[in-house]
Structure formats: C-alpha cells, structure tokens
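Chain residues, written in single-letter form:
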Amino acid sequence: MLDFLGNLKRTHYCGHLRAKDASSHTGGDAVVLGWVAKRRDLGNLLFLDIRDRSGIVQVVFNKETDATAHAKAEHVRSEYVVAVEGKVVLRQRPNPEIGTGEVEIIASKLHILNNAKTPPFPIEEEVNAAEETRLRYRYLDMRRPKLHKNIVLRHKIVLEIRKTMDEMGFVEVETPMLTRSTPEGARDYLVPSRVHHGQFYALPQSPQIFKQILMIGGLDRYFQIVKCFRDEDLRADRQPEFTQLDLEMSFPRQEDIFGVIENVMVRACGVAGVTVSGAFPHMLYKDAVRKYGSDKPDLRFGMELHEVSYCFPEEAKQKLQIEGKVFAFAAPGAASYSRKQLDELTEKAKSAGARGAYFVKLAPEGTTSTVEKLIGAENVKKLAEFCAAKPGDLVVAVSAKQQIRGTEAAALVAGQLRLHLGEALNQIDRSQWKFLWITGFPLFEWSESDQQWVSAQHPFTGIVDEDLDKLEQPERRGEIRSKGYDLVLNGYELGSGSIRIHRQDIQERLFKALGLTEEQLRSRFGFFIDALTYGTPPHGGIALGVDRIAMLLSGEKSLREVIAFPKTTAAQDLMADSPSSVDTIQLDQLGIQIARK
Ligand code: ASP
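Because the structure is a prediction, the values reported are computed rather than measured. (Residues numbered from 1 in each chain as written. Predicted model: local features only at pLDDT ≥ 70, side-chain atom pairs only at ≥ 80, totals over all residues. Heavy atoms only, no water.)

Q: Mind showing me how you'd approach the pairing of strand 19 (residues 452-455) here?
A: Side-chain direction in a regular strand flips from residue to residue, so the side chains alternate between the two faces of the sheet. Taken together, the four bridges between strand 18 (residues 444-447) and strand 19 define a ladder with antiparallel strand orientation. Looking across to strand 19, one finds that Phe444 is bridged to Ser455. Connecting the antiparallel pair strand 18 and strand 19 is a turn made up of four residues, with Gln451 showing a positive phi of about 50 degrees. (Pairing = 2+ DSSP bridges. Helix = DSSP H or I, 4+ residues; strand = E, 2+ residues; numbered from the N terminus.)

Pasting the structure below:
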C-alpha cells in the first residue's frame, strides 16, 4: 500500500544535514523526501540511505522503539520513493566519507510514496553499465551524484554568462528555429512545411544572419544562449544539436570583442572554481600550425615543432619520397622507446597522413637514428639540435603523404603525434587552463572534393582591407586573410567569430568569388543582401560552445556527460527512441513519400 504525500513538507535536503541540525531550535526534528539508495537489515536495526539531489543521509529504524516504522521499512527496496519523519542525532561513529557523516536520522515514521522496479544498474558514483544502458535509462543515470553535479554546474555557468552579458549591456534576443539554411558548412536538418506543400524550413546551423540583421536593426549588443543544429558526423566533442553563447556587437574593434569574451570566460571559470585572468595571449594561425601543428594548440605543454627540411639532403628526400617539408619535435625521455614502440609510432604517423616517420634517439649509449645512413651523422646532429633535444629524448620527424594547398601538411601530422606523445609521456600539466586567441586565418581553404576555394569559416567573415583586391584574382585566393578569430582552451576550439563584411558591394564580390551565380545569390541570400543596403553599421561577434565549456570545466572528456539528454554518436536519443518513423497520415499531410533504400 502506498502512502500519499498529503501535507508532508520537506524540512531539510538530505545532503545538507550537519551536526548543528541535531541540536537546533527544531529539537532535531526533520522530514526528508527522496529515494532509497541503500538498505541494510541488521535484524532489530534497519538502515536506509536516503538520497535526494543534494546527497545522502543515513536513517535508522529501531524495532524496539518504533516498531511500526521498522516493519514498514522492511518492505522498501532500492529506488523506492519515501518520506521519513524523525530526529537528527549525532552518530556514535561518524563516517568521514560522506558530507552528512556526523549525523543520522532516527525514524519515527516512514511513508512509502512510490515503489520502483529494480534498476538495470546500481545508482552509484562510478557505474560500470554500458553507456547505451545509461542513455536509455537517463532518468536513473541522472540520479548519480556526478551527472547531477555536472548538470548543476552547467546551470551555474550559463547563469553567470547571462549575468555578465547583461552587465555589459547585451540584450538577449531569441531568433527563429524554423528558418532557412545558414551557410556554416554543415548539412541542414530540414523540417517539411505542411502549409507550403513541398517547401522546407531548415533548423538553424547558427543564428548568424539574424544576429547581423539585429545589428542592422540598431540593437547594438545582442547575445543568446541558443540551440544550433548541424547534421555532421559525430565525435566525442560534437552533438547534432548543441548550445552556443552567440553574440554580436556594432562598431567593435577586435579587442572589444576579445575583452567581452575574456570577461565572460573569467567569470564562467570562476563559477567552477577555476581561476584565470583576462587578456588571453594571441597567436597567428600560421604560427600555431608551424609551432604546434594545429589551429587549436594545447599550450599546457611544450614539445614545439621545428621545420627541419634542410637536414634532409636531396638524395635522401628522393629515396624517402619526401615531397614537401619535414617537421620534427623532441619527445622528452622517449629515447628508451623500443623498436616495437617506434613501429607503432610510425603506424600512428601514417594513419595521421605521414609519408614517413624518422627518429633520432639521444640514448646514454650514444645518438642513433633510423635515417642516419641516408642523411649522415652531421645532419642527425643538426636535427637533434634544431629540436633542442636533450639527452634521453627522442626526436620525431615526419613528412606528409599529401601536400595540402595553403597549409603545412607535415606540421599537421607532427601536431597529432605531439598530442599523442604529450599525453603518453605525461607532459600535460592538468592544473593549467591555457586560453589562446588565434587570428590571421586565411579567408578561403581549398576543398579537394569540390576542387575549389571555399569559405574557411562562413561567407560573412570580414576580409583584411589590404587583401580585398585579391578577391578578383583567382590565383591569389589562398593569400587572402580574414578578420576571423578562434578562442582555444587546452587544445579545444571553444568558438569562432569575426569582424563581418558590412558593405553590400563587398558581400556580393565575396559571394561571386565563391562561385555563386546571380540567381543563387538572390534566392539564397537576397533578403540579407537587401538588408545590407539600408545602413549597416560595422559589426562583429563570436559564438562559443556552451557544452564544450561545461565539459572542460567539469573535467569531463565527453559532451554527453554535461548534456541532460544527449545523442549517441549515431545521432540517436536512446531514451526517447528518436529519430523514429511516423504515421502515413502525418507523411500524407506533408506530401512526403519514403523512398526505399
Ligand atoms: N556563426 C558562427 C558559428 O556558429 C560564429 C560567428 O561567426 O559568430 O560558428
């Protein structure tokens, strides 16, 4: 028989109870409401751990003093929902492991408010259940303190972001979810229109065009914590729907936008107990690639790259089939790597796109190299010197299998090995929070699949004034610099933005350079191009990934640990079982037929 909640009212959250509550003015009376986390039956004494969102408290049922409550407690099982009335007392033997360990509740009454099936996995801090099971029963997973903590921290971060943005004069504006394609470079999620037969809305890949129009509308400072949708192949740090802190401001200099974001990030980190200070360092895109082999370098460790092409004489290059440059770095303490470990590294390098990997070991018994015969002892020495390798280090050099137009292919491969070895050799100082602005991006990047230059970011990204004329010179497209920037934290891209193109003539030239015909331009962006002609102020902005920020600040490795209802890497919601098929009636209304694959 289940009891009703009736007039029962919580006096304390379980996890908040402390020694002072045992002797407070209430005389220690308490009513707690929650779930049964654990039951231990010792005959005359029965213990229940009761859990609510704040934590756990131990409740004692004594057969001799409170026989009715004790008898009832014998019926409860894990995850039953109960209310306990009783007295908070000091424990004879405190348990320092839990926050409420100094006290326990001596129960006088137990109300069983609901029963529960046996959960598919125990609700404990560390679960061994497969992630699929956890996601299918997300409501049970959520009762775990860790996930709970992450969700609460995320709320606090978002709240602090909102407060900070408001204090700086930004106004939160909602933009439509049912809209048209935004060119962020991913596939759209489409929504068929019932009223307009055969037509579709697109879910926004970002509010990009709307926020720029808000600037044309004179709003001056806009922000939004907003869902965006991109139909891309997923990874641990990507989700098909994700949350951005999106912002835009009028008449900004680059440093104004950086200042806003630095303020927001310092405050958001503060909420998570992470102290950082503003004015994050800057690095040019090309330096990031040359030094770290990445446009989002992890600066928590060194192992910088060096270009060492000139240590490889022409003949050696031919033998090794090296076409482009060679980049290398010193891996601290890895001179002891075995033949097998070097082979594994070479395999790693090859799967990252290397033509070959070449090693120099600075071992105590002498310096040796896998390419000594080909490049000579003098070059081996130089290679080690260029990389500032110390005794005990391993120098890792790589060339790339394929050259990539407009960037340093070998450096990108070396960058991946740097990350791998940095981790493997324990070089990463996990107590550090290294923010970094990357600037000086190229406006276009070469698309091998389309065999043409495409926008490196989105096509509203501003162009460095002196490079504007190169728009009409196809052979110089790769040289054009954008007014874009990225914010990086500990090797993760937190977000990107730019000072925008605010002039209609330049926006049209850019679209033409991208190969859009007049008709395509009008049908896709006509409304925006028109809006630009009515007095558009210079403007710029940025968007940061809120899920990613929450993930890093919670110390998690997967976005799914900070999203209440995440999707799997196959873009499914296992709990709600979506995507799913729909009734033919619904399809008929939309005029849609499913083609068989
Ligand atoms: N719309 C861009 C994005 O979502 C950000 C921006 O340029 O402000 O990445």
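Q: Which parts of the structure should I look at to understand the side chain of Thr439?
A: Looking at the element boundaries, Thr439 is found in strand 17 (residues 435-439). By relative accessible area, which is 12% here, Thr439 ends up buried. Residues within four places of Thr439 in sequence aside, it is in contact with Gln254, Phe258, Met283, Leu284, Tyr285, Gly484 and Tyr485. (Buried < 20%, exposed > 50% of the residue type's maximum accessible area, 1.4 Å probe, protein only. Contact = heavy atoms within 4.5 Å.)

Q: Help me understand the sheet that holds strand 2 (residues 45-52), please; the structure alone is not making it clear to me.
A: Reading around the barrel, the five strands line up as 1-2-3-5-4 and close back on themselves, with mixed pairing between neighbours. Taking the axes of each pair of neighbouring strands and ignoring which way they run, one obtains an average angle of 55 degrees across the sheet. Pairing of strand 2 with strand 3 (residues 55-62), which is carried by eight bridges, proceeds in the antiparallel orientation. Counterpart to Phe47 in the pairing with strand 3 is Val60. (Axes fitted to C-alpha atoms, helices over the stretch in contact; angles between N-to-C directions.)

Q: Teacher, can you tell me more about the pairing of strand 17 here?
A: Taking burial as the measure, the five residues of strand 17 include five buried ones, the bulk of the element. Side chains Phe435, Trp437 and Thr439 project from strand 17 onto one buried face, and the interleaved Leu436 and Ile438 project onto a second face that is buried too. Sheet analysis places strand 11 (residues 282-284) next to strand 17, joined by three bridges and oriented parallel. Bridge assignment links Met283 to a residue of strand 17, and that residue is Ile438. Judged from the five bridges that link them, strand 17 and strand 20 (residues 484-489) form a sheet pairing that is antiparallel.

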